[in-house]
Amino acid sequence: MTFRVKALVCLVVAGAVASLSLTSGHASVEWVHFIVYLLAILLSSGMKVALPKTESTVSVNFPFILLGILQMSPLQAVILAVSSVVAQCRFRVVKPFTLVQILFNVASVTTATVLACLTYTGCLKLLNGEVTPALAVASTVLFVATSAPVTLILAWDSHTSPLTKWRQEYLWYTPFYLVGAVIAASANFIGDRYGWLTSLLLIPMVYIVYRAYCAQMAIVRDRERHALETEALHLRTIEALAMAVEAKDLGTHRHLMRVRVYVTELGKVMGLDKPLMQALTSAAFLHDIGKLAVPEHIINKPGKLTPEEFEKMKIHPVVGADILERINFPYPVVPIVRGHHEAWDGSGYPDGLKGEEIPIGARILTAVDCFDALASDRPYRKAMPLDEAMAFVKKRAGIQFDPAIVRLLEARYPQLEELARQEIDRGMKPLKTDLFIERGAAPGNGFEPEPGKAPASAPESAPPAAALEGVAAAAHEAKLLFELSGLLGTSLTARELSAMAARFLQPLIPHDSLAVYRKQEDSMVLLHSGGRFAEAFSGEPIPVGEGLSGWVAETGRTIFNGNPAVEPVFRRDSTLFTNNSSALSVPLLDLRGAVLGALTLCSSGDAAFSRDHLRALQAAGFGLALALEDAFRVRARGADAASDPLTGLMNARQFYARVDAEIAKAQASAQSFALAVCDLNSFKSVNDRCGHFAGDALLRGMAREFCRCLGDGEALARTAGDEFAFLYSGVESSPAEIRLQALKQAAHRACMELEIEFDVSLCAGIAVYPRDGSAAEELLSAAQRRLIQRKHLFYEERRKAEAHSALEGSYTL
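Since we're looking at a predicted model, the values are computed, not measured.

What counts, and where the lines are drawn
- Residues numbered from 1 in each chain as written.
- Predicted model: local features only at pLDDT ≥ 70, side-chain atom pairs only at ≥ 80, totals over all residues.
- Heavy atoms only, no water.
- Helix = DSSP H or I, 4+ residues; strand = E, 2+ residues; numbered from the N terminus.
- Areas by Shrake-Rupley, 256 points an atom, 1.4 Å probe, with all protein chains shown as cover.
- Core = buried A, V, L, I, M, F, W, Y, C linked by side-chain atoms within 4.5 Å.
- Buried < 20%, exposed > 50% of the residue type's maximum accessible area, 1.4 Å probe, protein only.
- Contact = heavy atoms within 4.5 Å.
- Pairing = 2+ DSSP bridges.
- Axes fitted to C-alpha atoms, helices over the stretch in contact; angles between N-to-C directions.
- Left-handed = near helix turned anticlockwise from the far one by under 90°.
- Nonpolar A, V, L, I, M, F, W, Y, C, P; charged D, E, K, R; others polar.
- pLDDT = per-residue confidence, 0-100.
- Disulfide = S-S within 2.5 Å.
- Salt bridge = Lys/Arg side-chain N within 4 Å of Asp/Glu carboxyl O.

If you had to explain the overall build of the protein to someone new, which residues and values would you point to?
Helices and strands together make up the secondary structure of the protein, namely 27 helices and 12 strands. Put simply, the protein shows about 40200 Å² of open surface, and 58% of that area lies on carbon and sulfur atoms.

Here it is as structure tokens:
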């Protein structure tokens, strides 16, 4: 303990001793009465609730202390309060209390109880005997007097203002004490009329409050857990983007990890607020993401850059800021990334900011980025010793770097270096981008090039035209990564995500077929296949370890220009691919390194894929793997969710429960009800021609319009795909048909609102309880049978209409 904490403990104990002198006098009630209350307090001391965002707990027995203030002498009230505190410090504690802590708590509650007794007595006189308001004031005094000493210690420990700390930690449950005062006053009123033993009815009242509070706290904890999971997913997305940068610049991994540790610790020392700290941590990971638009031969050039190459390198802060601006971070990441190459004297780029015009986060990142770059191996030089790197940064203080930040860095860099090393040891593993499998003698893995023969796709020096092509390819890769990051958090299924990724890859990496597999136990299940030669492969599962995709899933390594004909699902009678064709396959890895599946491209040409294609496919694989992992998690949770994540309506499980409840209600009242199952005709055309995003938007629009058609006692759910279910309480078949007409008009309005020109109409089947069944499954089955019958009629009529139109057209011709 610090000196002032010790002084505060002594002061509180002295105050308790002094306050005891004010409790002299005879007992106000019989000791039997007192002992009963004491037992009630001891028994209820175990009913503790945890306070949000802290490790502290509070017992709900304080209404008994207030009852003691009402009915007993100050001495008896103090004994009750002290007994309560001792019981709380000894029973059901997460962390044992020390003797000093127990003494401090006992002294604090003694003083607070005496003050509350005096306050109650004084207010009772001022308010002409009004018990409830007097007790409310006394409970407030009790609360403030007990929380103030603890707040001082917490504030001194966290170096914050005591008033700010009290508002953050304790102010929110002031109403809890006021409610306790009302409960105690009510129990006292009952005791005055019917005898003090009836005051024991306070025990169930307190228990009810305790259970209600526990339920509320469970909700709060669930929300906090959800917020933490969302924040963790956000951080993992940032790490995935950082890994995509690493796929291009192999020296990035350790650099990013070290820079993050340095800037985070310096930000804490400088007292930056939480949003700025979050921005600084994210920028430490993402400040080089703009290098995706810089050709690889420039980034990894083992010598000095030409003026033209430096001009190309200078675009990476601007490109990085442009990429991140579209993510719409809730904290200022973009200005830090854009300004991390600005200089203190205004000689930096891209905007020539000077001094404090440069954001503080960018000033910190600039100094740390340069220091770590000097202390790390680079393609064009070896790493400097830390002391020499620090001397260089110090020499540039006031020219390139903020002098105040350089002083902080100089004072702490040895400790920060140790922290960075520890973080790297337990942090995310670097990418295995050097693991290539060339064409070789191993079954299905192709053949290695002859010794000394350089790969055709990797010339020793890139001519100017090739450099320009590299710039264009890098821009395409950055666009691909941005589009894949946009798939995160969508309602798309794993198959839909795979189809979207395939569409993004087609213009970037020319290929004739594409397959996305998911690893499930010992087999690889096809999620999506596409391309003009996709029919060369069947859609059967592939055993893990067999063929190209199975080997990639088993080993977590890459296949480069392998033989697609060795895939177990290759159709042997197909002539679309031969032993001279090429295959490119990468594993889909989550951030823990576990294999989720494989992404495989095939081309009919010989050695059709280059190293640039491989790098681009790896970057796409990381983004797709992250999106798939999120989709798998959402799907797993969706079975237990209470609502459909796309439309917000009830899901099938909740709708079944609602139908069961309606059956019980109908049986009790001898009434009937109707149940309708509907789906959308031609909905697949919307997905095929406009895309799944348009399909999702149409489903949400349909849900909104359908909700407007619901009346009292009616329910709506999305049970699957484009299928909706309606429950009409107390309605027979005919009125239900009338309601369906309104639903068809609602479906038409949703299409008009989204400007969808396809003939998307509503088809429905109706079942009535108890005529069509006495259980939810029977009613839904009956409704679905009628839905199928009506759909058959719908498509038969449309086929006849199309045949009639074609016949009329032939006569006209």
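Lay out the nonpolar core in plain terms, naming residues and giving numbers.
Among the nonpolar cores identified, the biggest contains 44 residues, and Tyr262, Val263, Val333, Ile364, Phe371, Val393 and Leu409 are the most heavily contacted of them. No other element matches helix α11 (residues 274–286), which puts eight residues into this core. Those residues within four positions of Ile364 in sequence are excluded, and the remaining contacts are Val263, Leu266, Met270, Leu272, Leu280 and Ile405.

With reference to specific residues and values, describe the sheet that holds strand β9 (residues 673–681).
Taken in spatial order, the four strands make up an open sheet running β10-β11-β9-β12, and their pairing is antiparallel. Each having just a single partner strand, β10 (714–720) and β12 (761–769) make up the two edges of the open sheet. Adjacent strand axes in the sheet meet at a mean angle of 20°, parallel and antiparallel pairs treated alike. Packed onto the sheet, helix α23 (residues 652–669) meets β9, β10, β11 (723–729) and β12 and runs at close to 20° relative to β11. Across the face of the sheet, helix α25 (residues 692–708) comes into contact with β9, β10, β11 and β12 while running at roughly 10° to β11.

Could you give an account of the packing of helix α6 (residues 131–158) against helix α7 (residues 162–169), naming the residues involved and the relevant values?
It is the contact of α6 with α7, at a shortest axis distance of 8 Å, that shows an interaxial angle of 115°. In this structure, the crossing between α6 and α7 has a hand that is right-handed. Across the interface between the two elements, Phe143, Val144, Ser147, Thr151, Leu152, Leu154, Ala155 and Ser158 of α6 pack against Pro162, Lys165 and Trp166 of α7. Grouping the amino acids of the contact of α6 with α7 by side-chain chemistry returns seven nonpolar, three polar and one charged.

Mind laying out the confidence of the model for the protein, listing which residues take part and the relevant values?
Scored by pLDDT, the protein has a mean of 78; 81% of the residues are at 70 or more. Counted against residues more than four places away or in other chains, residues 439–468, with its pLDDT under 50, gives 35 contacts.

So what about the state of the cysteines? Which residues, and what values?
Counted by the stated rule, this structure contains zero disulfides. The cysteine Cys678 is free of any disulfide, with Cys763 supplying the nearest cysteine sulfur at 8.3 Å. The class of Cys678 is buried, set by a relative accessible area of 0%.

Please give an account of the sheet that holds strand β6 (residues 559–562) that cites residues and values.
Strand order in the open sheet made by the six strands is β5-β4-β3-β8-β7-β6, with antiparallel pairing throughout. Unpaired on one side and paired on the other, β5 (542–543) and β6 mark the two borders of the sheet. Where strand β3 (residues 513–520) lies against strand β8 (residues 595–603), six bridges are found, and the strand directions are antiparallel. Paired with Tyr517 across the bridge in β8 is Ala598. Sheet strands touched by helix α20 (residues 494–505): β3, β4 (523–530) and β8. Its angle to β4, the strand with the most contacts, is close to 50°.

I'd love a proper account of the pattern of salt bridges, names of residues and values included.
Counted according to the given criterion, the structure contains 20 salt bridges. Two residues, Asp322 and Arg326, come together in a salt bridge whose shortest N-O distance is 3.0 Å. Look at Asp322 and you get partly exposed, because its relative accessible area is 34%. A relative accessible area of 52% places Arg326 in the exposed class. Close ionic contact of Arg421 with Glu417 constitutes a salt bridge, the shortest N to O distance being 3.3 Å. In this pair, Arg421 and Glu417 are both assigned in helix α18 (residues 403–426), four residues apart and thus about one turn of the helix distant. Classification of Glu417 as buried rests on a relative accessible area of 5%.

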